[in-house]
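Architecture and fold: a report
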Amino acid sequence: MGWFTQVKSSWQKNQLQRPELAGMFEPPLADQWVAIDCEMTGLNAKKHHLLSVAAIHVNGDTIDTGNGLHLVCSPPTMPDRDTIVIHGLRTTDVEHGMSYDEMLALLLPFIGNRAIVGFCPQIDIAFLNPLIKPYMGTALPNEVIDVRYLYARRIGDSHPNTPNPSHQLSKILAHYHIPEFGNHDAYNDAVMTAMAFLHVR
């Protein structure tokens, strides 16, 4: 952990309003990660809302699918017809979902101090942090790992930070002969992301 990262983590810990989550600021154990995926009403975190989040532990070379989370939330605005086609979550699926605080009470201890693994996780984090900050007083302190970036580096792409159609999750899965379970389901996407991560890490 670099000096700047240590200072940032210390500052964030001082902002923490929930002592039970202090463990999130401890150094993570080696070979332990958590794969995360979210479904939203759209991709603009300023006007769209989180619908569901899934998280699965990755321990060494093992994906602990038997103990994952798949949490459906009740958003301030119900999903419209155009987005239902994408994520499959209807008003009847989410209107009795848990509140965001109830979701975070389960999700954050599950994440713990593990590095977060995702496919374009910056989007998921952009939706989660505005909910997390008022809940625990600070944003997520965890390291965030982008499978897309790791894959680009693995195949020798000289511009791993530049979006490329060949870096889509379906392309990565096909490259490693990983079966697809169906896109735009948070739990399936988290499992596939974890499987891809084990190949590219």
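Let me begin by describing the structure that accompanies this report. Please read all numbers here as calculations on a predicted model, not as lab measurements.

The next subject is the overall build of the protein. Tallying secondary structure elements over the protein gives 8 helices and 6 strands in all. The N-to-C order of helical and strand elements in the protein reads α-β-β-β-β-α-α-α-β-α-β-α-α-α. Among the 201 residues that make up the protein, the fraction classed as buried is 44%. When contacts within the protein are restricted to residue pairs at least 6 apart in sequence, those whose partners lie at least 24 apart make up 66%. Per element, the accessible surface of the protein, about 10,500 Å² overall, is 53% carbon and sulfur.

A full pass over the atoms with the stated rule returns 2 aromatic pairs. Centroid distance Tyr151 to Tyr176: 6.1 Å. Interplanar angle 75°. Geometry classified as edge-to-face. Of this pair, Tyr151 sits in helix α6 (residues 147-154) while Tyr176 is found in the loop between α7 (169-175) and α8 (186-200), placing the two residues 25 residues apart along the sequence. Taking NZ or CZ as reference, Arg18 lies 3.7 Å from the ring centre of Tyr135, over its face.

Before going further, it helps to spend a moment on the packing of helix α4 (residues 100-111) against helix α5 (residues 121-136). Two numbers describe how α4 lies on α5: the axes approach to 10 Å, and their chain directions differ by 90°. The angle between α4 and α5 falls in the class roughly perpendicular. Here Tyr100, Asp101, Met103, Leu104, Ala105, Leu107 and Leu108 of α4 lie close against α5, whose contacting residues are Leu128, Leu131, Ile132, Tyr135 and Met136. Within the contact of α4 with α5, the residues separate by chemical class into 11 nonpolar, no polar and 1 charged.

Burial analysis of strand β1 (residues 32-40) places 8 of its 9 residues in the buried class, the great majority of the element. When β1 meets strand β5 (residues 115-118), the two strands line up parallel, connected through 3 bridges. When the sheet's bridge partners are listed, Trp33 is paired in β5 with Ala115.

A few words on the nonpolar core. By size, the foremost hydrophobic cluster in this structure holds 30 residues, and its most contacted members are Met103, Leu107, Leu108 and Ile111. When contributions to this core are tallied by element, the ones reaching two or more residues are β1, β2 (50-59), β4 (69-72), α4 and α5. Once residues within four sequence positions are removed from consideration, Ile111 is found in contact with Met24, Val34, Ile36, Ile116, Leu140 and Asn142. Counting residues in each nonpolar core, the second largest holds 21 residues, with Trp33, Ile145, Val147 and Leu173 among its members.

So, about the pattern of salt bridges. One pass over the structure, following the stated rule, counts 4 salt bridges. Between Arg18 and Glu20 there is a salt bridge whose closest N-O contact spans 3.8 Å. Among the residues examined, Glu20 registers a relative accessible area of 56% and is labelled exposed. Asp146 is paired through a salt bridge with Arg148; the nearest N and O atoms lie 4.0 Å apart.

Conventions adopted
Residues numbered from 1 in each chain as written. Predicted model: local features only at pLDDT ≥ 70, side-chain atom pairs only at ≥ 80, totals over all residues. Heavy atoms only, no water. Helix = DSSP H or I, 4+ residues; strand = E, 2+ residues; numbered from the N terminus. Buried < 20%, exposed > 50% of the residue type's maximum accessible area, 1.4 Å probe, protein only. Contact = heavy atoms within 4.5 Å. Areas by Shrake-Rupley, 256 points an atom, 1.4 Å probe, with all protein chains shown as cover. Phe/Tyr/Trp six-rings, centres within 6.5 Å; stacked < 30°, edge-to-face > 60°. Lys NZ or Arg CZ within 6 Å of the ring centre and 35° of its normal. Axes fitted to C-alpha atoms, helices over the stretch in contact; angles between N-to-C directions. Parallel < 35°, antiparallel > 145°, perpendicular 65-115°, else oblique. Nonpolar A, V, L, I, M, F, W, Y, C, P; charged D, E, K, R; others polar. Pairing = 2+ DSSP bridges. Core = buried A, V, L, I, M, F, W, Y, C linked by side-chain atoms within 4.5 Å. Salt bridge = Lys/Arg side-chain N within 4 Å of Asp/Glu carboxyl O.

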